[in-house]
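# Topology and contacts: notes
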Amino acid sequence: MASRILYEAPRVHAAPGESVVTSTCGHNCGGRCVVNAHVRDGRIVKISTDPRKWTPEVPPLHACVRGFGQAERVNHPDRLRHPLRRTGPRGAGQFERITWDEALDEVASQLRRVRDTYGPAAILDCSRTGSLSMLHNGRAVVQRLLHKLGGCTELWSNVSAEAEVFGVKMTYGAKADYKSAGREPSDYVNSRLIIMWGWSPGDGTFGTGTLQYLKLAKKHGARIVCVDPRVTRTSYELADEHVFIRPSTDAAALIAMAYVIASEGLHDQAFLDRHVLGFDEAHLPPGAPAGASYRSYVFGLADGVRKTPEWAAAITGVPAETIRRLAIEYATMKPAALQCGYAPGRTAHGEQFHRAAYALAAMTGSVGTPGGNSGVSNGATGRGGIKSLPVGANPAAARVATPMLADLLERGRAGGYPADIKLIYSAAGDLFNQLPNVAKTVAAVSGVEFMVVHDHFITPTARYADIVLPATTFWERNDVHTPWAGAGHYVIFMRQAIPPVGECRNDFDICAELARRLGIDDYADRTEEQWLRELTRDTIDDFDTFRERGLARLPVPDDAVAFAREIRDPVRHPFTTPSGKIEIYSMAIATNPDPYGLGAIPPIPTWIPDEAEGLYPLRLVSPKSRARTHSIHDNQPILMRADHDEVWIHPADAAVRRVTAGQRVRVFNGRGATVTRARVTDRIAPGVVSIKEGVWFALDETGADTRGCSNMLTADRASPAAAATFNTCFVDIETASETEERHDSLGARRA
C-alpha cells in the first residue's frame, strides 16, 4: 500500500558554492517552523524558510523573526567554545579554560561524591527545554544519566502550563494530554465566535500558522473577542472587541458567565445530562454532599453569594453588562470556541481559571464539536507517535514543584523538601533567570557545593556554575522534532548543517562520557542514527527519504477537535475520568483535595481571592517577547529590534507617579527591584503594568536588577495544583530620579 505520508523538501535550490540544509528551531518557542541554513565554507551565512505561499489545505511552515535570528545566534562572538572552570566568587562570571578531560573528570567526581555522601536526592536536576528535540533534548539526556546514577531531586511541574495540565486531567480524564485536548487550527474557520482569553498567538506563536488560520476564520465571518489585561498584538490585529480584565481574576468572570447562561436557560441540558458530571444536583456522584453542584455554587445556594455579573465586575474590573453580553453571545452564537491561554493559569489559583473555562464549554455543549472547543488552546493531534529519549524511573523519587526552586535551595530539609541540595546539574536551562524570586535564588545558591551547566553562552544561570560545558546548537547535530503543542500533523528532520563550533559537544555525548566515567555501561547503547530510527519507527515509513527531504506531512486526523469520539460514542469511548464523563465536579479532587501538599482544591471550579499585597497597588503581568524564546536570544542585538523591553503603564497610573514615556523607572516590591524604561499606553488596563519575561538579570551592588528582569519581582510560590504564579504579583513604580534622590538622602543621613 502506498505511503500516506508526504515527504517534502521545503527549501530553495542552493546557489553556487553553498548548500541549503533544513531544520527547525530547537527551542520551546511556541512554533515548529522550517528554518533553512545557507552554508558556505562551513559557516551559516543566511537563514531562509519554507518558500511556498500559505494555503489552509497544505500550509507551509513559515519561520518567525526568531527563526531568522538563528544565524546571529550560531555565529555570535560570545558562543561558548571550550569547557570553563570558575575562578572567582560564585556569580561573578570569572572562568578559565580547561580541557574536556579535566571538566568531565571533575563533574563525574562531584556527582559520585555528592551521591555517596548525601544521597542522590542532594543532586538537583535544573535542566529544561532550551535545546529541544527527540534525542538531544537537554533535559531528557540529563534525566537519563541521573536516573541511572541512582536518582536526583527533580523539578517536576510544567512552568508554563501546569494549571492546564492539572485541569485537563481532572476534567477530561487521566489519559487526556493537554497538548492534544484542544483543536487543530484548520477548525477555526468553522467557528462563528472565537473568544481568545489570555491567548495571543501573535506574540507567543502557539503553533506554526495559528495566526494565519485565525485571519482566515475572521475573513469567513467569525467574531473574535479578546479578554486580556493588555491589547496584545493578536487583539490589535484581529479582535472585534477587546475586554480588559484584572490579572488573576479571570475565574470570577467565567463563573459569572456560567451564572448568566444557567439563569437564562441557555445551557445545553441534553448535553449535560449525557456527558457531564456535577453541573446540577441530579448529576452528582454518590456520596457528594448536598449543594455541591456547580449550579448550586453559581446561584449562591452553597455560600449565599450569587455569582452575578455585578459580583464579578467588582472583582475583575469588567463591566457587568459586558460579562452578561459575552455570556449570551457564547451560549447562542454556535458554534463558539473558547481558546484559553496559559497566562491566566499562571496565578495563585490558576487551576480554577482553566476548570471554569472547561465548565463553560461543557455547559454550552461546545466540547467535541466542529467549530467548538474544550476550552483548551492547544491542538488535537499530539506528536504523531514520535517518541523521546527514554529516561527511566527516578530511583530517588524526589520531586519538588518547579516554582519552589528558590525556597528549595534556601531551606532544603528544614522546609520539608526531600534533601538539602548540594549539587545542581543544568542543561538547556536558565532557571535562575526564568523562575520566580531571583534575589532569593542567587542568595541561596551559596549553600550549593557544586554546579555544572551545559549551554551555548554564559547565561545568568551559567554565571553561578563551577564548570560550564559548551554545547552544540541544533545546527551542529542531527535530530527530529514535532509540532509544538499538537498544532498540526508533521515531523521535521533537523539535519546537521555545520560541524560543532570550537570544542562544543552534544548534550547526549557529554552525558555519555560522564556515564562511562561513572561506570554506567548502558547509557549510550545505540548510535545517533539508530536512536533516531528507533524514536520515529512507529510513524515514519521511509526514514532515508525523510532524512533527505526534511519534512514529513502525516495523514490528517479523522477529527480536528479533541474529544469528538467521546461525544459521538460515549458508551464505547468514555472519558478517562472516574465517572467516564466530563467532570465539572471532579471525583479525583473530592477524593484527594490536596494532591501535592500545596493547598486544598475544591471539587468544582471556585473563585478564590488573592492575598493582596497592600503596599504595592499595581498588578504585574509578564507576557512573552516576540524577540525571545523565554530568555533565549536576549543577547542578540539585531533580533532584539523586533520587540522592545519596557514596562507598560496606563496613563492614569503614570500621571499619579509623574512617569513620562521613555523615562527610566524603578519597578519594585518586597522581593526586589528592576529598572527599565516606561511605555505609557492605553493598551493596558488601569492598575496593571507589564514587563516581558526573559530579560537576563544583571544585579548592581545593592542587589537590584538593572535590565528589566520581571522575576526580580515574582514570588516563589506554587498554586495548589503546582502551577507557577508569575501573574499574581503586586508592585509599584517610581521614577529613577526619585530612587536616586532617596538614596542620596539616605547617604546624607548616614554621613
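Data block above holds the structure.
This report concerns the structure included in the present document. A quick note: this is a predicted structure, and the numbers were derived from the prediction, not measured. (Residues numbered from 1 in each chain as written. Predicted model: local features only at pLDDT ≥ 70, side-chain atom pairs only at ≥ 80, totals over all residues. Heavy atoms only, no water.)

### Some words on the sheet that holds strand β15 (residues 423-427)
The strand order β6-β5-β17-β16-β15-β7-β8-β14 describes an open sheet built from 8 strands, whose pairing is mixed. Only two strands of the sheet have a single partner each, and these edge strands are β6 (95-97) and β14 (398-400). Pairs of neighbouring strands in the sheet enclose a mean axial angle of 20°, with direction left out of account. Note: strand β7 (residues 123-125) against strand β8 (residues 153-155), 2 bridges, orientation parallel. Its bridge partner being in β8, Asp-125 is matched across the sheet by Glu-154. Relative to β7, helix α4 (residues 138-149) is tilted by about 155°, and along the sheet it contacts β7, β8 and β15. (Pairing = 2+ DSSP bridges. Helix = DSSP H or I, 4+ residues; strand = E, 2+ residues; numbered from the N terminus. Axes fitted to C-alpha atoms, helices over the stretch in contact; angles between N-to-C directions. Contact = heavy atoms within 4.5 Å.)

### Regarding empty space enclosed by the protein
What the rule picks out here adds up to 2 cavities of 30 Å³ or more. The calculated volume of the largest cavity comes to roughly 80 Å³. Ser-248, Ala-251, Thr-347, His-349 and Trp-607 are, among the 14 residues lining the largest cavity, the residues nearest its centre. Taken together, the elements giving at least two residues each to the lining of the largest cavity come down to α9 (250-263) and α14 (350-363). It is α14 that provides the largest number of residues to the lining of the largest cavity, a total of 3 residues. Taken together, the residues that form the lining of the largest cavity break down as 6 nonpolar, 6 polar and 2 charged. Its volume calculated, the second largest cavity comes out at about 50 Å³. Lining of the second largest cavity is provided by Trp-197, Val-227, Val-243, Ile-245, Ala-253, Met-257, Val-318, Thr-322, Ile-323 and Leu-326. Only α9 and α13 (320-332) provide two or more residues apiece to the lining of the second largest cavity. In terms of residues, the lining of the second largest cavity owes the most to one element, α13, which gives 3 residues. Split by residue class, the lining of the second largest cavity holds 9 nonpolar, 1 polar and no charged. (1 Å grid on protein atoms, 1.4 Å probe; cavity = no way out; pocket = protein on both sides within 12 Å on 5 of 7 lines; lining within 4 Å. Points joined across faces, edges and corners; volume = space filled by probe spheres on them. Nonpolar A, V, L, I, M, F, W, Y, C, P; charged D, E, K, R; others polar.)

### Considerations on the side chain of Arg-90
With respect to the element layout, Arg-90 can be found in the loop between β5 (84-86) and β6. Ignoring any residue separated from it by four or fewer positions in sequence, one finds Arg-90 in contact with Val-445, Val-448, Glu-449, Phe-450, Met-451, Tyr-464, Ala-465 and Asp-466.

### Structural notes on unusual backbone geometry
Note that the residue after Lys-334, namely Pro-335, is joined by a cis bond; omega there is 0°. Looking at the element boundaries, Pro-335 is found in the loop between α13 and β13 (336-340). Despite not being glycine, Phe-206 has its phi angle at roughly 55°, a positive value. Note that Phe-206 resides in the loop between α6 (201-204) and α7 (210-219). One non-glycine residue, Phe-563, lies in the positive phi region at around 70°. On the secondary structure map, Phe-563 appears in the loop between β20 (551-553) and α21 (564-568).

### As for the packing of helix α3 (residues 100-118) against helix α18 (residues 507-517)
At their nearest, the axes of α3 and α18 sit 9 Å apart, and the two run at 60° to each other. In terms of orientation, α3 and α18 fall into the oblique class. Taken as a pair, α3 and α18 cross one another with a handedness that is right-handed. Contacts between α3 and α18 involve Trp-100, Asp-101, Leu-104, Asp-105, Val-107, Ala-108 and Arg-112 from the former and Ile-510, Glu-513, Leu-514 and Arg-517 from the latter. Split into classes, the residues belonging to the contact of α3 with α18 amount to 6 nonpolar, no polar and 5 charged. (Parallel < 35°, antiparallel > 145°, perpendicular 65-115°, else oblique. Left-handed = near helix turned anticlockwise from the far one by under 90°.)

### Comments concerning the pairing of strand β25 (residues 672-680)
Of the strand pairs in this sheet, strand β23 (residues 647-649) and β25 are connected by 3 bridges, and their pairing is parallel. Bridge pairing in β25 places Trp-648 opposite Arg-679. Of the pairings in the sheet, the one linking strand β24 (residues 664-669) to β25 comprises 6 bridges and is antiparallel in character. Bridge pairing in β25 links Val-665 to Thr-676. With antiparallel pairing between neighbouring strands as the criterion, β24 and β25 make up a hairpin whose turn holds 2 residues.

### Quick notes on the pattern of salt bridges
Summed over all chains, the structure comprises 50 salt bridges. Note that Arg-86 is salt-bridged to Asp-466, the shortest N-O span being 2.6 Å. Here Asp-466 lies in the loop between β16 (450-455) and β17 (467-470) and Arg-86 lies in strand β5, a separation of 380 residues in the sequence. A salt bridge links Asp-643 to Lys-692; the nearest nitrogen and oxygen atoms lie 3.6 Å apart. Taken together, the residues span a long stretch of sequence, with Asp-643 in the loop between β22 (618-621) and β23 and Lys-692 in the loop between β26 (688-691) and β27 (730-735) at a distance of 49 residues. Both residues of the pair, Asp-643 and Lys-692, belong to the buried class. Each of Asp-101, Asp-105, Glu-513, Arg-516 and Arg-517 takes part in a single network of salt bridges with overlapping partners. (Salt bridge = Lys/Arg side-chain N within 4 Å of Asp/Glu carboxyl O. Buried < 20%, exposed > 50% of the residue type's maximum accessible area, 1.4 Å probe, protein only.)

### Points about α7
Every buried residue belonging to α7 is among Thr-210, Leu-211, Tyr-213, Leu-214, Leu-216 and Ala-217, and all of these are buried. Against β9 (193-197), α6, β10 (223-227) and α8 (233-238) lie the buried residues of α7. In the stretch just after α7, Gly-221 is the one whose phi turns positive, near 105°.

### Details of the sheet that holds β25
Spatially, the 6 strands close up into a barrel ordered β22-β26-β23-β25-β24-β27, and their pairing is mixed. Each strand of the sheet is rotated relative to its neighbour by a mean of 45°, with strand direction disregarded. Here β23 runs beside β26; their pairing, made up of 3 bridges, is antiparallel. Looking across to β26, one finds that Val-647 is bridged to Ile-691.

Shape descriptors only; they carry no functional weight alone.
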